[in-house]
Structures are given as C-alpha cells and as structure tokens.
Amino acid sequence: MRNMYTCHIQLKLPTLLLLLLGFHLITVSSWKRDEFRNCNQTPFCKRARSRKTGSCPLIATDVVIAEGDLTAKLIPKNEDLEDSDLIKPLILTLSAYHGGVLRLKIDEDPSLDPPKKRFQVPDVVVPEFLDKKLWLQRLSEELIGSDSEPSSVVYLSDDYKAVLRHDPFEVYVREKGGKRVLSLNSHGLFDFEQLRKVKKEGEDWEERFRGHTDSRPYGPESISFDVSFYDADFVYGIPEHATSLALKPTRGPGVEESEPYRLFNLDVFEYLHESPFGLYGSIPFMISHGKARGTSGFFWLNAAEMQIDVFGSGWDAESSLSLPSDQNRVDTLWMAEAGVIDAFFFTGPGPKDVVRQYTSVTGTPALPQYFATAYHQCRWNYRDEEDVKDVDSKFDEHDIPYDVLWLDIEHTDGKKYFTWDRVLFPNPEDMQNKLAAKGRHMVTIVDPHMKRDESYHLHKEATQKGYYVKDATGKDYDGWCWPGSSSYPDMLNPEIRSWWADKFSYDNYVGSTPSLYIWNDMNEPSVFNGPEVTMPRDALHYGGVEHRELHNAYGYYFHMATADGLVKRGEGKDRPFVLSRAFFPGSQRHGAIWTGDNIAEWEHLRVSVPMVLTLGLTGITFSGADVGGFFGNPEPELLVRWYQLGAYYPFFRGHAHHDTKRREPWLFGERNTELIKESIHVRYMLLPYFYTLFREANTSGYPVMRPLWMEFPDDEATFSNDEAFMVGNSLLVQGIYSERAKHASVYLPSGQSWYCLSSGAAYKGGTTHKMVVSEDSIPAFQKAGTIIPRKDRFRRSSTQMANDPYTLVIALNSTQEAEGEVYLDDGKSFDFAKGAYIHRRFVFSGGKLTSSNMAPFAPPVRNQFVSNCIIERILLLGYPSSTGPKPKVALVEPSNHKAEVELGPLYLHRSRSPTVLTIRKPNVAVSDDWTIKIL
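Residues numbered from 1 in each chain as written. Predicted model: local features only at pLDDT ≥ 70, side-chain atom pairs only at ≥ 80, totals over all residues. Heavy atoms only, no water.

Trainee: What is the right way to look at the sheet that holds strand E43 (residues 780-783) in this model?
Mentor: Each strand in a sheet pairs with its neighbour through backbone hydrogen bonds, running either in the same direction (parallel) or in the opposite one (antiparallel). Across the sheet, six strands lie side by side as E36-E37-E38-E43-E40-E41; this open sheet has antiparallel pairing. The two strands at the open ends of the sheet, each matched to only one other strand, are strand E36 (705-706) and strand E41 (762-763). Strand direction decides the pairing type here: strand E38 (residues 731-734) and E43, joined by three bridges, are antiparallel. Counted as the bridge partner of Leu732 is Phe781 from E43. Sitting on the sheet, helix H14 (residues 687-700) is in contact with E36, strand E37 (724-727) and E38, with an inclination near 85° to E37. (Pairing = 2+ DSSP bridges. Helix = DSSP H or I, 4+ residues; strand = E, 2+ residues; numbered from the N terminus. Contact = heavy atoms within 4.5 Å. Axes fitted to C-alpha atoms, helices over the stretch in contact; angles between N-to-C directions.)

Trainee: Help me understand the pairing of strand E7 (residues 151-155) in this model?
Mentor: Consecutive side chains along a regular strand alternate between the two faces of the sheet. Along E7, four of the five residues are buried, which leaves the element largely enclosed by surrounding structure. Direction of pairing for strand E6 (residues 140-142) relative to E7: antiparallel, over a ladder of three bridges. Following the sheet pairing, Glu141 is matched in E7 by Ser152. Two elements, E7 and strand E8 (residues 160-165), share four bridges in a ladder whose sense is antiparallel. Within the sheet, the bridge partner assigned to Ser152 lies in E8 and is Leu164. (Buried < 20%, exposed > 50% of the residue type's maximum accessible area, 1.4 Å probe, protein only.)

Trainee: I keep staring at the nonpolar core and nothing clicks. Help me out?
Mentor: Where a protein is soluble and globular, its nonpolar side chains tend to be buried together. Among the nonpolar cores identified, the biggest contains 223 residues, and Trp500, Phe577, Tyr648, Val727 and Leu849 are the most heavily contacted of them. Among the elements that make up this core, the one with the highest residue count is helix H11 (residues 602-617) (nine residues). Filtering out sequence-adjacent residues up to four positions away, Leu849 remains in contact with Ile787, Leu808, Ile810, Phe842, Val843, Phe844, Ile874, Trp930, Thr931 and Ile932. Membership of the second largest hydrophobic core comes to 51 residues, among which are Leu102, Leu134, Trp300 and Val330. (Core = buried A, V, L, I, M, F, W, Y, C linked by side-chain atoms within 4.5 Å.)

Trainee: Could you clarify how one ought to interpret the pattern of salt bridges in this entry?
Mentor: Note on pairing: side chains with opposite charge can pair once their charged atoms come close. If you walk through the whole model with that rule in mind, you get 82 salt bridges. As a salt-bridge pair, Glu274 and Lys248 come within 2.8 Å of each other at their nearest N and O atoms. Of the two residues, Glu274 is situated in the loop between strand E16 (261-263) and strand E17 (285-290) and Lys248 in the loop between strand E15 (234-237) and E16; the sequence distance between them amounts to 26 residues. Relative accessible area serves as the criterion here: at 40%, Glu274 is assigned to the partly exposed category. The salt bridge involving Arg581 is made with Glu524; its shortest N-O contact spans 2.7 Å. Here Arg581, found in the loop between strand E31 (578-580) and strand E32 (592-594), pairs with Glu524, found in the loop between strand E28 (516-520) and strand E29 (540-541); they are 57 residues apart in sequence, far enough to count as distant. Each of the two residues, Arg581 as well as Glu524, counts as buried. Taken together, the shared-partner salt bridges connect Arg37, Glu207, Asp214, Arg216, Arg262, Glu305, Glu337, Glu532, Arg537, Glu546 and Arg548 into one network. (Salt bridge = Lys/Arg side-chain N within 4 Å of Asp/Glu carboxyl O.)

Trainee: Please clarify how helix H13 (residues 670-685) should be interpreted in this entry.
Mentor: Structurally, the α-helix is built with 3.6 residues per turn, so residues lying three or four positions apart point the same way. In this model, H13 (16 residues) spans 22 Å end to end at C-alpha, consistent with the 22 Å of a helix rising 1.5 Å per residue. Judged by how many residues are buried, H13 sits mostly within the fold: twelve of 16 residues are covered. When H13 is considered as a whole, its buried residues turn out to be Asn672, Thr673, Leu675, Ile676, Lys677, Ser679, Ile680, His681, Val682, Arg683, Tyr684 and Met685. Buried residues along H13 sit in contact with strand E22 (375-377), helix H12 (636-646), strand E35 (652-654), H14 and strand E44 (786-790). (Expected span 1.5 Å × (residues − 1).)

Trainee: Is there a simple way to explain the side chain of Arg706 in this structure?
Mentor: Its location among the elements puts Arg706 in strand E36. By relative accessible area, which is 1% here, Arg706 ends up buried. At a separation of 2.6 Å, a polar atom in the side chain of Arg706 contacts the main-chain carbonyl oxygen of Pro703. In this structure, Arg706 is in contact with Lys352, Leu613, Leu693, Glu696, Glu711, Phe725, Met726, Gly728 and Asn729, ignoring residues within four places of it in sequence. (Polar contact = N/O pair within 3.5 Å; in protein donor to acceptor, adjacent residues only side chain to side chain.)

Trainee: Quick question: what am I supposed to make of the sheet that holds E28 here?
Mentor: Taken in spatial order, the nine strands make up an open sheet running E33-E32-E31-E28-E24-E23-E22-E35-E34, and their pairing is parallel. The open sheet is flanked by strand E33 (623-624) and strand E34 (626-627), the only strands paired with a single partner. The strands touched by helix H5 (residues 385-397) are E22, strand E23 (404-407) and strand E24 (441-445); relative to E23, the strand with the most contacts, the crossing angle is about 155°.

Trainee: Please clarify how the packing of aromatic side chains should be interpreted in this entry.
Mentor: To describe a pair of aromatic rings, you give the distance between the ring centres and the angle between the ring planes. Inspection of the entire model under this criterion finds 55 aromatic pairs. Aromatic pair Phe346 and Tyr358: ring centres 6.3 Å apart, planes at 85°, arrangement edge-to-face. Taken together, the residues Phe346 in strand E21 (residues 341-346) and Tyr358 in helix H4 (residues 351-362) connect sequence positions twelve residues apart. The two residues Phe346 and Tyr358 agree in class, both being buried. A connected cluster of aromatic rings, assembled from ring pairs, spans Phe371, Trp406, Tyr517, Trp519, Phe577, Trp594, Phe622, Phe651 and Phe694. Sitting over the face of the ring of Trp519, Arg653 holds its NZ or CZ atom 4.8 Å from the ring centroid. (Phe/Tyr/Trp six-rings, centres within 6.5 Å; stacked < 30°, edge-to-face > 60°. Lys NZ or Arg CZ within 6 Å of the ring centre and 35° of its normal.)

Trainee: Just checking my understanding: could you explain the state of the cysteines for this structure?
Mentor: Among covalent bonds in proteins, the disulfide is the one between the sulfur atoms of two cysteines. Per the counting criterion, the structure on display carries one disulfide. Sulfur of Cys56: no disulfide; nearest cysteine sulfur belongs to Cys45 and is 19 Å away. (Disulfide = S-S within 2.5 Å.)

Trainee: Mind showing me how you'd approach the packing of H12 against H13 here?
Mentor: Packed helices, taken two at a time, are described by the angle between their axes plus the distance between the axes. It is at 8 Å that the axes of H12 and H13 come closest, and there the two elements cross at 10°. Taken as axis vectors, H12 and H13 run roughly parallel relative to one another. Residues Pro636, Leu639, Val640, Tyr643, Gln644 and Gly646 of H12 pack against Asn672, Leu675, Ile676, Ser679, Ile680 and Arg683 of H13. Of the residues contributing to the contact of H12 with H13, the split by class is seven nonpolar, four polar and one charged. (Parallel < 35°, antiparallel > 145°, perpendicular 65-115°, else oblique. Nonpolar A, V, L, I, M, F, W, Y, C, P; charged D, E, K, R; others polar.)

Trainee: Quick question: what am I supposed to make of helix H10 (residues 554-569) here?
Mentor: In this model H10 runs 23 Å from its N-terminal to its C-terminal C-alpha over 16 residues, within 8% of the 22 Å that 1.5 Å per residue would give. Counting buried positions over the 16 residues of H10 gives 13, a clear majority of the element. Looking one or two residues beyond H10, the residue adopting positive phi is Glu571, at roughly 55°.

Trainee: Even after reading the chapter, I still don't get the environment of Met522, so can you show me in this structure?
Mentor: You can see Met522 is positioned in the loop between E28 and E29. Residue class for Met522 comes out buried when judged on its relative accessible area of 0%. Residues Met522 and Met611 lie 89 residues apart in sequence; the distance between their C-alpha atoms is 19 Å.

Trainee: Explain the side chain of Thr295 to me, please; I cannot follow it from the model alone.
Mentor: With respect to the element layout, Thr295 can be found in strand E18 (residues 294-300). In this structure Thr295 comes out as buried when scored by relative accessible area, which is 1%. Engagement of the side chain of Thr295 in a polar contact is seen with the side chain of His289, the distance being 2.8 Å. Setting aside chain neighbours within four positions, we find Thr295 in contact with Ile287, Ser288, His289, Thr347, Gly348, Pro349, Gly350, Pro351 and Val354.

Trainee: What should I look at first to understand the pairing of E21 in this one?
Mentor: Counting buried positions along E21 yields six of six residues, so the element is predominantly enclosed. Covered by surrounding structure in E21 are Ile341, Ala343 and Phe345 together with Asp342, Phe344 and Phe346, the residues of both alternating faces. Across six bridges, strand E4 (residues 101-108) lies against E21 in antiparallel orientation. In the sheet register, Lys105 faces E21, and the bridge partner there is Asp342. The sheet contact formed by E18 and E21 spans four bridges and is antiparallel. When the sheet's bridge partners are listed, Gly297 is paired in E21 with Phe346.

Trainee: How do you make sense of unusual backbone geometry when you look at a structure like this?
Mentor: Each neighbour pair has its own omega, and for Pro239 with Glu240 the value is 20°, a cis peptide bond. The amide bond that connects Glu893 to the next residue, Pro894, takes the cis arrangement and shows omega of 10°. With respect to the helices and strands, Pro894 occurs in the loop between strand E50 (889-893) and strand E51 (897-905).

Trainee: Where do I start with the environment of Leu94 in this structure?
Mentor: Relative to the helices and strands, Leu94 resides in strand E3 (residues 90-97). Measuring from C-alpha to C-alpha, the distance between Leu94 and Gly669 comes to 63 Å, with 575 residues separating the pair along the chain. Not counting residues up to four positions away in its chain, the partners in contact with Leu94 are Asp69, Leu70, Leu102, Arg103, Leu104, Leu136, Leu164 and Val171.

Trainee: Would you mind showing me how to read the confidence of the model for the chain here?
Mentor: The predicted structure's coordinates, where accompanied by low pLDDT, should not be read in detail. Considering every residue of the chain, the mean pLDDT works out to 94; 95% of them sit at 70 or more. In the model, residues 2-29 has pLDDT below 50 throughout and makes 60 contacts with residues more than four positions away in sequence or in other chains. (pLDDT = per-residue confidence, 0-100.)

Below, the structure is given as structure tokens:
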C-alpha cells in the first residue's frame, strides 16, 4: 500500500518532522522513475553489462569426486593477467539429485581467509530435497570439439549428463544423445568480484544515490554470468514485474535501449504496466519452453539485488565463440550485487516436470484453509465496528456470499501492531465472534515496522533484547514508516522469529480470536526515508550479514515467522492464513501473495493475468490481484469485468485505497450488483474444483492458474498467449480487457472440443473463435474429456456450504469419455497430512460413470475424515443426440436403484439457464465406490 504516506499519522510530531514527511509526500505521491536506480546508476549492473563475450579468464583445475560431489578450483588461465592478485581460486561444487536436478555452487575458498563469509540464504531449500542427493561415484573425461584438454562428465539421470568444461570454463547439461539443455558461461561473461579488506590507491568503494551513501565496507562483491536455454522459443518467470508472460528481450538487434529485469523488493505504488522494473517480490527462477524439446529451468538462490538481461536473437553476432547452431537458443545474463552462486538446473522435459523439480527444492505450496479460497472483502479502512457490521449485513441483504472481512492499519492504536483503537473498535472479540457465527472470518494487518514509542510494550521488549536490525554503526536502525520513527525486527535470526511468533498467542494479541488471521504488508521492507524507499544496504543483520546480501528475503522471513505464529497459536492444529506482499522462493510454504498497489485501469486488469500466471509458474500458487484496482475509482464496467475475471484468480479479494469512493458490490446500481453477485456466485459454485486444485498444488507444485502452454505444450499458438489462462486442466478463461467490447477473439487449443460455461455449446479446438460478448460474463470453457465438481446451493459463506450436495459436470470428448476428481477434508486442520481426507476419481466411459478411491492408503479409524455429502446432479455435456428416444433412467450400483435422466438446467439459480441431459438425484455418497450406468 500506499501513496499518501503521511495520511492519518495521528502523532504530535515536531514541526521539522512534519515538514520532512510533507516533503516525502510530495516526492512519492505517484510512481517516479528517478526515485529508483536504473542499471546505469547501479555500478554492479553497469560493469556486468559492459563486459565482452569471452572475457572470463578462468579455467577449471583439480577436478575430483569428493563426498559424492564433483569439486574443482577456478583459477585465472594467465597468471600475468592484470588484477590477477585480486582473483584468488574459487571453489566449485557440482551435485546431482533425483529427478534430474543439478546443483552448482561457487564461492570463495575459506582456507584463503577472505574478509568474511559470503552470505548463503538459509531456510529456503527444504530438508527433503537434500535427502534426494545422488552420491556421485566417478567422473569420465571427454574431449569436446577442438578443446585442448578433456572435460569432466558426470551422471545426472538415465537421460542426462552434466559436463564441466575445463578450458574455457563452462557448465552444461546435455541429453543422452548429446544435445544441450542448459549451460552457464558459454559466452564467457562469468565474473566473481571477491571481498577485500584494503582499497587500492585512489579507490572509492562508497556508492551514492539521491543523498544516501552506501559504505560498502568490503568493496565491490558482485557476481555475473550468462545462462543459455537450448531448443527454447520463449523464457518466462523471474517475478515480480508488470509485464508480459513471455519475457521480451532487453538487449540485441532491434531492441531499443532498455533496462534489465530487476529483482529488488520495493514498495512501488501505482506501478507501470509493461515495465521490467522490479516490484514487491523476487524469485530468480526462469523457465524456457519450445516446441523442439520442451521445457527447462534455471534457479539462482540469492537474496541480493539482481538484474537479468534477456538477449534477442543475433545479439552475439560479433562473438568469436562457437555454440551449437542446430539448436534454437535463448541467452540471458544474470547479475547480482552480492552473495554466492547456488544455482539449480532443471531438465524437465515437460512444463509440469520443471515446476515439480523447482518445488522439490523450495517446497510445495501450503494447502490453505477452505474459507481462504473463497471471496475476501477489504478496504483501507473499514472505519469502526459499526462500519464492519453494516458491510457484513449488506452482503446478506443482497444475497452475496463472502468469507473474510479485512481491517487495514487504522484499526490499531496509533499504528502499533497487535493493538486496537478502543474508540473505534471497543469490542474486537465480539465483532469477530459475530462474523464467525455466520462462518466468516476477519483479517488484520501486522507490518514489520515497530513504532519507536517507550509506552509500546513490543518496542520496549525488542529494544531491551537487541532484536532490531542495526545501522552501519551498530545502533538500532531508525527509519520512517506509518507510525513515524520505526525500527525493524531482525527476522534473519531464528530466535527473533520465534519471539515474533509468540506474539500471536491470544494472551499476547489481546482482542484476537480463533477466527482472526493476518496480513503482512510493507515487508520489502518499506522505509519512507530510506534509499529507494527501503532499508540501507549497509544495515546489519544477525551474524554480521549486510542488508544488501539478504534484502529480497527479509519479507520472506517475516512471512514465515507470522505463519509460524498462527500455527503456534492453534497448537499445531489450525492451518494459518497469512497474506504477504513481499515474497521470495519458498514463500509458497507460508501463505498467499497479492500483486500489490495496482490501479483501476483496463491495462492493470490486463497485466494482472501474466503477473498471476508468472507467480504460479514460480511456485506461488495462492496469488491474485486487487479486484477493481487499489488506486483510483473504476467505472462500473471495469469493476464488473474485474470481478468476472477475478473470480478465477486463486486468491480472490476486492480492495481499495482510502481516498477512493466506496465500492462494495451493491453501490453501482441494481444491474451491476447482479453482475458482480453472479461473478462471486461462480467462484462459490466452483470452490470444490478450486480446493481440489489447491491440494494438487500442495502435492505436486502445479499451479492452480496456468498458462495455456502448460496444458498444451505442443501447441505453438499458446506459447505467448497471456490474455487467456487455464484453471487446472479443465477450464479455460479469456478476460475482456477493453470497455464496451462487443466481440472477443478466443483461441481454443487443439486436441479436443470445448464447452462454453454459459451456454453448454460445443466449440472446435485448434481455432480462434470470434465470439459475441455480453455484459453477463466473460468467455470461459470446459475442456472436453473432463469432469468438474460443483456446489450449486449458495449460502452466506463457504463454511455454511460444507454439507451441501455436489453436482458433477461431465464434458464428453469425441469418444464419449471424460475423467476428473474431487478432494475434500475438514478444510482447516493439518489432519489431511495424516490421511484424513477423501480423494475420488471419476471416469465416464461406455455410458457408465465410475467413482474410485485415489487416496494411497487407508488411515487408522481415528484419523479418518468422514463426509455425509452426496452427489445430487450429474450434467452431461456432449451426450449424443439422435432421432431415437432419449435415455430416461440410469442404474446406480451397488445400491441397485434407478435415477431419472431428463433435460435439466445447467444452472439452478439462473432464470434463463440452458438445459442439458441430467441424471437427477442419484444420491450417491461422494466418499463411496459406485457406478452409474445410463440405460
């Protein structure tokens, strides 16, 4: 959040301080390019971009197998090289892991007494991944091309090998047949600036930007290298940027002078769409895809600022280096300010394989509570308890379901978190309990900046214990945020994270109840008077780590500690819900993410799709954009279209800035209220399908919201399409991104036909259809050959739908077959991890629908989950119509009873619903084995 940085800071501040804050208000009231550094103003980026291909002087020596790894030293080939005294040997390690994952580490040699240990990011790689290490037994030597000495080759999997080329130094993965998949330093752009204690004569290590000075006590310490993706048509990933799904080239022929994709977590309000500028989170994971081979991926675990160039074809035309010419290639340049090389090569070969490989390293997404997958209503700010009561009652009055009401910073006592403004919110427990009585929940905001106020118990305790981040002189860092003067807990320290987690207990967070969950904002961290609105890079963390080294992971550790706090609060029985704005690899294990402070503009609606798709590709499955746009006042048509699209985001929340007009769904006239209500109803109807997909993400890493090419990897028409997307493998959604649209061009991938969700009509795949668009809905389709579970009865909240019956929608393919599944558990506890769930597979073939168990084992009776839900209706799309009599009954086994078959409404609550062939009231239990045969 936010643009008006001084609004509602209810403090008696000295006049000078108010003037300073007023100046800040003027300078940052909207996004300004000169507030933030570009590459030319960032010395490590400028240096890396200026290097010529083939400039890397290093070769690999002393190559051996040790403790199951390949190890080597990287040394200058020419000892007479200028500055060779600054290039000490580097230590390289190659490790292989089950599933086709190669890990590369390069660091300074600790035996040579560097000034300090370079930072390696902890608590991101999951312990289970380390257990998958393949202990290399031997290496083979092989002469590559015209090289003067052999390269070292090690086993990666039955289909892949890893190659360490000695001279020139290069690492690559190749297929069994010899074709390359991924490579590092093929263009000789590798550079590793080593830490130093002493400056050379006349050297200045300090860096300055807009009045801020970075002391840089160990000199330049950046790392850069090139990575090539072979048989690739496009590359994707590296969020967060408001840009296209397929990453556009930043350098090369025909590319105008452009910035690299920046990864540096920043508080950027009213961000620009179609910009490579880094936003609130950073995931240095890139995926390539092409028709010739498939998919591969590269991940660099590094929390320092990073800049990444994507080169356009022909960028290296003047290079003397020779690379395979029979493989299409995308070349990239990766640049980081600090850290080490800890990189992972993912071999694929399919899109889902790469996602599974990446999440095997960083962890699969947490399974959210059921309520969290429903609709959330938020605003900065709902004023008081009476406002909360009024908004809640209006949802009921208009028959619009919702599950969560949110409170922003104004609910606190003077911006002191874990407190309540007792004038505006005198009875917070009672307020929450009234919502909980309807199955609803509340979320309050808890940011990392702690108000420096001696009367604030949390600040007093953190100060006494020495728990704050320090400035470069060793004093508690003092920056400015919502409360005014603020300090920031040092979340790198596990002890401090544990202390923070304890603050969410009911005793410590007075006024909280079991139905209250948490929102972490401003955790990049945002510092209003800091360089680039964040913390100085030479601030100090636990263990002497400089902020420059861990900046992009600060919000991740804050998110982690908050989620751990909610787990502690519930004694390990209650799944947490924590929304975070900042993120890093592994954030998917701790909660949801949203795309930050967007604007009520059609372009921001449009760019939300590639932003959420990119988050999903890089592990962050539970994400969404603020529906309606955080800043500005959307016209009713834009708001309606945003709800229609947002109903398919994994995280579905309406949110708005306090300077905007109120925009609850009933404030735009009767017709628009109906349209918004219908959009929210679509989400609630599809909740069983969404929850099943969240469980799939939890076990496999596959995103809920997917690019078309993830499901259709051979269909080239899908590779750069980011106006449409898949929800799971069954639904395709096409947004409407312009006002007064009458038609939309919708590409339906080849291989199957598609059924319109609104009408049930069939459309041919492999074709772009020009479709008539109405205000009622956006184009959405169910893929032939799939079965989707729905719940068609609408309640006040998802919690109240728990025992409602299911509807199955069967979309038959050309062979009159279809399959799908449904997952259910108690929706709130961790008992599912002990086997307490129901997971059913549905298969329709030969006129018969069969339900079978997908759970891998039967848990002990005490851990079993029991559901009394039945299947009430079965809808058949594409069932053959003929001149003969239509089927009238279906036989249900093993109960040996008959169910009626007739034409019934596709949607129960729509006045003009089309009709489809329906099996009425088979009344089979969702948890049982059964068959239903159409007679």
